[in-house]
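Overview (structure and organization)
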Amino acid sequence: MVAQKKAGYKYSSRRLLSAYERKGKVMYVIKRNGLKESMDISKIRIVIDFACKGLRVDPLELEADAQIQFREGITTKEIQQLLIRTAAEKVSPQSPDWQYVAARLLLYDLYKDVGHLRGYKVKDKINGKYKPYNPDSFFELVRTYAERGIYGDYLLKEYSKEDFNTLARYMDPDRDLLFNYTGIKVLYDRYLVRDEDGNVIELPQEMYMLIAMTLAIPERKEDRIKYTKLFYDLMSKHEVSLATPTLMNARRPHTQLSSCFVLTVDDDLYDIFDNVQKAGQISKFAGGLGIYLGKIRATGSPIRKFKGASSGVLPVVKILNDVMVYVDQLGMRKGSASITLDIWHKDVLEFLEVKTNVGDERKKAHDIHPAISIPDLFMKRLKNRENWTLLDPYYCKNVKDGKNLEDLYGEEFEEVYQRLEREVPPDAKKEVDAFELWKRLLTVVFETGEPYIFFRDTANKFNPNKHCGMVYSSNLCHEIVQNMSVSQHVEDSLDPSTGLITHRKKSGDVVVCNLGSINLGKVYEKADIERVVPLLVRMLDNVISMNYYAIKEAEYTNRRYRAIGIGVSNYHYCLVKNNILWESEEHLRFANSLFERIAYYAIKGSMELAKERGKYELFDGSDWSKGVFFGRSAEENQRLSEQNGNNLDWIGLAEEVKRYGLRNAYLLALMPTGSTSLIVGATPSIDPIFAKYYKEENMSGILPQVPPEIDKYFWHYKSAYLIDQEWVIKAGAERQKWIDQAQSLNLFIDPEQVDGPKLSRLYELAWELGLKTVYYCRSKSLTEIEECESCSA
Ligand SMILES: Cc1cn([C@H]2C[C@H](O)[C@@H](COP(=O)(O)OP(=O)(O)OP(=O)(O)O)O2)c(=O)[nH]c1=O
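Small disclaimer: the values here were computed from a predicted structure and weren't measured. (Residues numbered from 1 in each chain as written. Predicted model: local features only at pLDDT ≥ 70, side-chain atom pairs only at ≥ 80, totals over all residues. Heavy atoms only, no water.)

A look at helix α11 (residues 204–215)
For α11, spanning twelve residues, the distance from its first C-alpha to its last is 17 Å, which sits close to the expected 16 Å at 1.5 Å a residue. Here α11 lies mainly inside the structure; twelve of its twelve residues are buried. Of all the residues in α11, the buried ones are P204, Q205, E206, M207, Y208, M209, L210, I211, A212, M213, T214 and L215. (Helix = DSSP H or I, 4+ residues; strand = E, 2+ residues; numbered from the N terminus. Expected span 1.5 Å × (residues − 1). Buried < 20%, exposed > 50% of the residue type's maximum accessible area, 1.4 Å probe, protein only.)

Concerning the packing of helix α29 (residues 725–736) against helix α30 (residues 756–768)
One can describe the packing of α29 onto α30 by two numbers: an axis separation of 10 Å at closest approach and a directional angle of 5 degrees. As the angle between them shows, α29 and α30 are arranged roughly parallel. Contacts from Q725, E726 and I729 in α29 reach K758, R761, L762, L765 and A766 in α30. Its residues assigned to classes, the contact of α29 with α30 shows four nonpolar, one polar and three charged. (Axes fitted to C-alpha atoms, helices over the stretch in contact; angles between N-to-C directions. Parallel < 35°, antiparallel > 145°, perpendicular 65-115°, else oblique. Contact = heavy atoms within 4.5 Å. Nonpolar A, V, L, I, M, F, W, Y, C, P; charged D, E, K, R; others polar.)

So, the packing of aromatic side chains
Throughout the structure, instances matching the rule amount to 36 aromatic pairs. Relative to F164, the ring of F139 has its centre 5.3 Å away and its plane inclined at 70 degrees; by these criteria the two rings are edge-to-face. Of the two residues, F139 is situated in helix α7 (residues 138–147) and F164 in helix α9 (residues 161–170); the sequence distance between them amounts to 25 residues. Using a relative accessible area of 0% as the deciding quantity, one classes F164 as buried. Ring centres of Y600 and Y601 lie 5.0 Å apart, and the angle between their planes is 80 degrees; on these two criteria the pair is classed as edge-to-face. By relative accessible area, which is 7% here, Y600 ends up buried. Of the residues examined, Y601 reaches a relative accessible area of 4% and is grouped as buried. Among the aromatic residues, those joined into a cluster by ring pairs are W344, F378, W388, F413, Y417, W438 and Y763. Stacked on the ring of Y159, the Lys or Arg R224 has its end atom at 5.8 Å from the ring centre. If you follow K692 out to its NZ or CZ, it ends over the ring of F714, 4.2 Å from the centre. (Phe/Tyr/Trp six-rings, centres within 6.5 Å; stacked < 30°, edge-to-face > 60°. Lys NZ or Arg CZ within 6 Å of the ring centre and 35° of its normal.)

What about the environment of P204?
Relative to the elements of secondary structure, P204 occurs in helix α11. Accessibility expressed as a relative area gives 0% for P204, which makes it buried. Residues P204 and S236, spaced 32 residues apart in sequence, show a C-alpha to C-alpha distance of 8.4 Å. Leave out the neighbours within four places in its chain, and P204 touches L107, L110, Y133, D176, F179, I184, L187 and L192.

With respect to unusual backbone geometry
In this chain, E450 is followed by P451 through a cis amide linkage whose omega measures 10 degrees. Tracing the sequence through the fold places P451 in the loop between α19 (434–448) and β11 (452–455). Look at R251: it is not a glycine, yet its phi comes out positive at around 90 degrees. For R251, the location among the structural elements is in the loop between α13 (244–249) and β5 (260–264). By relative accessible area, which is 0% here, R251 ends up buried. Although it is not a glycine, D401 adopts a positive phi angle of roughly 50 degrees. In this fold, D401 is placed in the loop between β9 (387–391) and α18 (410–423).

Here it is, written out as structure tokens:
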């Protein structure tokens, strides 16, 4: 009876007796310490009560459903798992609160395990007192694990014991209750730090605090505590998420915090294998890769003037494919790369087939993600149903002012390409029907969901840093658009003192991106954006300073550009919450206005940082420095802002940027937010929801998914496959007006509803409306689409 009173819910009339109780039998359980004890149902009820308190669920249902499965000799850990599973299975659009019951049950388990490891006596202490957060031992805890090489010792060097104590007291254990089941499960399985034996050693709020402490290290000493608290609040209240590598590695000895890298491979054997090496190193440290192979000469091209010698692009694709499989992050996850080729490359037809069932099996590369770079000229020829010429890049070198064809874009490209169509020798080119090539590409899209598309002219025309480079391709998830170039191999020389050969290289730009997202379910009004976005800029700028670089060139590029990518999660929920239908003009206006606000405060935040820390090295001469933002003048942006009702001072901001510069060369990129949006219980990125309820199966097991407040907004949410995708593209185009990079924009196709001409119309519309990239085309019939983990922010 005591237990029931404590539990606080009424059993008196409806109490369910377990089968064993009714028969007067005693059932034994095995406790965590190995001891045998008779089962005390009242203890289970205390836990159930803790889990159900204040939620719209009936605790008796959970007890009844779970009890059926109790058996003699069950361990207490198994009982807990059983309760968790039972609660998770009860999640539905009508009863979404079960996901919080399951979350609390899992938290209870986590507290118990971690408490056990820390030697706490936790028995019977729930409702707040139970939680094993102990501010007095936080410092000791970090010290112990830093000595064992589990946490980075920089934490101890940079923060005093007093700092630890202050910050430990600032942690708010109640914020653990913000997680739904899927969120805490993903965190538990993959993000919380473990010891050598695989035991989880930290609690969620400790994780957030230690990440915040790591990211505040570049702050002035007197400001560190202030910023640590601010960063902690943003993360622990789920207002922002950081990229998976940052969440995993900040606070660890190797601070590889960047998500994404883009390599440019030269047409030279040394550089090819140099990049294979880089790809291996980047994968080892959990970075995703975009790799541009468009410079490599085509199959049958001459080598040292020897005709017909080159094996072309496909063997390199295959090597990179195998590197991605080989370097598998200690068996956790294989590497991931997109490989881009231009639509005018002579090997493109074979490249298109690397993942299909058509063609020679020896030329397949099933583990990479193909991407095609498309110039405006191709789209124009397609519209006019004209021919297109595939060219061997070997014959397109040094064709204008020392540049190759792939180094040009816009009118210059068009002029030179058309000249080369005539001048390249017949056996080094191939004329095809543009429409036939397009049809083949779309068929592959139907079959595999890929290739991703990169519209190279739009990407380069709107590149704010076109004064110092160009963009050949995007990254793995197609939201990054930044200057890139080959690293040139200069010479090998023998070091007489060691007898070793030293390779000298002129560093190119290996794009590297540091990502974070704002949760639009919580942050969408002007005041919140104004508060949160500049802080996120600051956090990401600190990520650059704290980064451990797996390859040297990335450090070189990061130092000169300090590029960051701010994205979003919970877009669909934000629409629903604001009573906006996906397929509506109102949606387009909302997207434009919302992303204007985000852009404004991102630029303002970066300008303020430049004031404090200096501008990025290559700022002078950029579009930013001329007051041209997103390809428009300050006056134009001002006008748009008035139309949007935001009335932001773009003219004033442009003046300030001219005066102080920007800290970061690139600012906005809407990345996919796979596992990180799961953690914060958000709808993914900018995507519409897949379904109102589904179970996701990944490394964490079966995870129930319902979008936020589904019971309240059931009829407002429309599932992705039911939405006319033209609205997805139109909304993407509105957002793109305020994004300097790109968006991981997915299309969702029901093959029974969408035929070839419709698909073609969608991709043509994407180009016409100024999207830079299209990511997956997710077909209802394709179940296996690989989610990018590295970019997930
Ligand atoms: C050596 C070799 C290169 N290649 C490819 C890789 C590069 O794309 C390209 C050039 O390789 P390199 O070995 O860099 O060629 P090179 O510098 O000796 O000759 P050139 O003056 O003609 O550049 O040929 C093959 O396909 N097969 C081979 O056996």
